[in-house]
Amino acid sequence: MTQAVSRQALVGACNDLLQPARFKDYGPNGLQVEGGDTIRHVVSGVTACRALIEAAIDARADAIFVHHGLFWRGQDGTVTGWMKQRLQLLLTHNINLLAYHLPLDAHPEFGNNAQLGKRLGLEVQGSFGEQDLGMWGTRADGESFANALDLASVVSLALAREPVVVHTPDREIRKVAWCTGGAQSYFEAAIASGVDAFITGEISEPQAHLARETGVAFLACGHHATERYGAPAALAHVAAQLGITHQFIEIDNPA
Ligand SMILES: [Zn+2]
C-alpha cells in the first residue's frame, strides 16, 4: 500500500543520505522548487528539462528528483523563455523539485560515480581530484583490459553508446579512473594519480593531446549516459525507506 509522507520528510531523507552541506557546488542542492506538502509518488531523472517535467505530470508525481536542477551559478536570474516554461509547469501542477549535483556524483554507494563503476565491473580503490569526486580502481575480477579498445567495448555494452576514445595502441589497462558527466578537467589529476585510462562524459580539445602525450587513454562516454544511474539509485533507496513509490524517467540525450 502506498504511504504518504510530508515534503519535509522527503527532503530530510534525501539530505540525510546525500549530505549536501559537505560540498562546494555550482548551484543549490536540496529543494529547489516548493510544491505540494504531501508526497506519494516520486520521479527521478537526470535533468529538470521540460520533457521530464511533462512526463512527471503525466505520471502524477508529487516530486521530481534530478542531478541537474534549474539553478546554476552564472545564470542571469530572470524567469523568461524556457525557464518560465519549466517553472510554470512545476508550479501549476504543484510538483516539488529536488536537485543534488555534486553530492549525487559522490555518494559512495548510490552516487553516479559508484553506480557507473559497478556497471563497468570496476572495483573502487581510491579517489582523486577536486573534492575527491573522481574514483579509481581495477576490474572487480582481478583481470586487466588488453588495451583501451577492450575497455571501450565494455563501456559501449554497458551504456549502449559508443565512446570517443583517444589512446595509445597496445597499452594494457589495469588502473582506471572515472568521473561522470563533464569532468574532462579532471584528466590531469587522473594522470597524476598513475592510472592507465580515464573515463568521463565529455571530451574537450586539450584532452586529446594530453592523452596522446601521456599515453593515458581518454574515454568520453556521454555526459547523460554516464549520469543516468545515480538519481534512480538514490531515490529508489529513499522511496523504499519512506514507503512511497518511485519511477525513473529516461529522457534521451545524445550529449
Ligand atoms: Zn552532469
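Above this text sits the structure in question.
For clarity, every value in this text was computed on a predicted model and none was experimentally measured. (Residues numbered from 1 in each chain as written. Predicted model: local features only at pLDDT ≥ 70, side-chain atom pairs only at ≥ 80, totals over all residues. Heavy atoms only, no water.)

Novice: How would you explain the nonpolar core if you had to name every residue and give the values?
Specialist: Of all hydrophobic cores here, the largest spans 23 residues; its most connected members are Leu10, Cys14, Val42, Phe65, Leu98, Val238 and Ile244. Elements that contribute at least two residues to this core include exactly helix H1 (7-18), strand S5 (63-68) and helix H10 (230-242). In this structure Phe65 touches Cys14, Leu18, Val43, Ser44, Gly45, Leu98, Tyr100, Leu104, Ala231, Ala234 and Leu235, once residues within four positions along its chain are discounted. By size, the runner-up hydrophobic cluster in this structure holds 21 residues, among which are Ala114, Leu151, Val155 and Leu159. (Core = buried A, V, L, I, M, F, W, Y, C linked by side-chain atoms within 4.5 Å. Buried < 20%, exposed > 50% of the residue type's maximum accessible area, 1.4 Å probe, protein only. Helix = DSSP H or I, 4+ residues; strand = E, 2+ residues; numbered from the N terminus. Contact = heavy atoms within 4.5 Å.)

Novice: Got a sec to walk through the sheet that holds strand S9 (residues 164-166)? Specific residues and values, please.
Specialist: The strand order across the open sheet formed by 6 strands is S7-S8-S10-S11-S12-S9, and the pairing between neighbours is mixed. Two strands close off the open sheet at either side, each with one partner strand: strand S7 (122-128) and S9. Direction aside, neighbouring strands of the sheet carry axes that sit 25° apart on average. Taken together, the 3 bridges between strand S8 (residues 134-139) and strand S10 (residues 176-178) define a ladder with antiparallel strand orientation. In the sheet register, Gly137 faces S10, and the bridge partner there is Val176. Running at roughly 20° to strand S12 (residues 217-220), helix H6 (residues 148-159) makes contact with S9, S10, strand S11 (197-200) and S12 of the sheet. (Pairing = 2+ DSSP bridges. Axes fitted to C-alpha atoms, helices over the stretch in contact; angles between N-to-C directions.)

Novice: Explain the side chain of His223 to me, using residue names and the numbers behind them.
Specialist: Tracing the backbone shows His223 in helix H9 (residues 223-226). Side chain to side chain, His223 and His68 meet in a polar contact 3.3 Å long. Engagement of the side chain of His223 in a polar contact is seen with the side chain of Glu227, the distance being 3.0 Å. In contact with His223, not counting residues within four places along its chain, are His68, Gly181, Gly182, Gly201, Glu202 and Ala255. (Polar contact = N/O pair within 3.5 Å; in protein donor to acceptor, adjacent residues only side chain to side chain.)

Novice: Describe in detail the packing of aromatic side chains, supporting the description with residues and values.
Specialist: Inspection of the entire model under this criterion finds 6 aromatic pairs. Between Phe128 and Phe198, the aromatic rings sit 6.2 Å apart at their centres with planes inclined by 80°, giving edge-to-face as the arrangement. Separated by 70 residues along the polypeptide, Phe128 in strand S7 and Phe198 in strand S11 bring together distant segments of the chain. Relative to Phe218, the ring of Phe198 lies with its centre 5.7 Å away and its plane at 65°, an arrangement referred to as edge-to-face. Placement of the pair is Phe198 in strand S11 and Phe218 in strand S12, with a sequence separation of 20 residues. Accessibility expressed as a relative area gives 0% for Phe198, which makes it buried. (Phe/Tyr/Trp six-rings, centres within 6.5 Å; stacked < 30°, edge-to-face > 60°.)

Novice: Got a sec to walk through the coordination of the zinc ion? Specific residues and values, please.
Specialist: When a metal carries six donors in an octahedron, the ideal angles between them are 90 or 180 degrees, while four donors in a tetrahedron ideally lie at 109.5 degrees. For the zinc ion, every protein donor is listed as His68 (NE2), His223 (NE2) and Glu227 (OE), and the spread of their distances is 2.0 to 2.2 Å. Mapping the donors of the zinc ion onto the primary sequence gives the spacing H-x154-H-x3-E. Pair noted here: His68 is in strand S5 and Glu227 is in the loop between H9 and H10, with a separation of 159 residues, a long-range link. The same class applies to His68 as to Glu227, namely buried. (Donors = N, O, S within 2.8 Å, 3.2 Å for Na, K, Ca; no water.)

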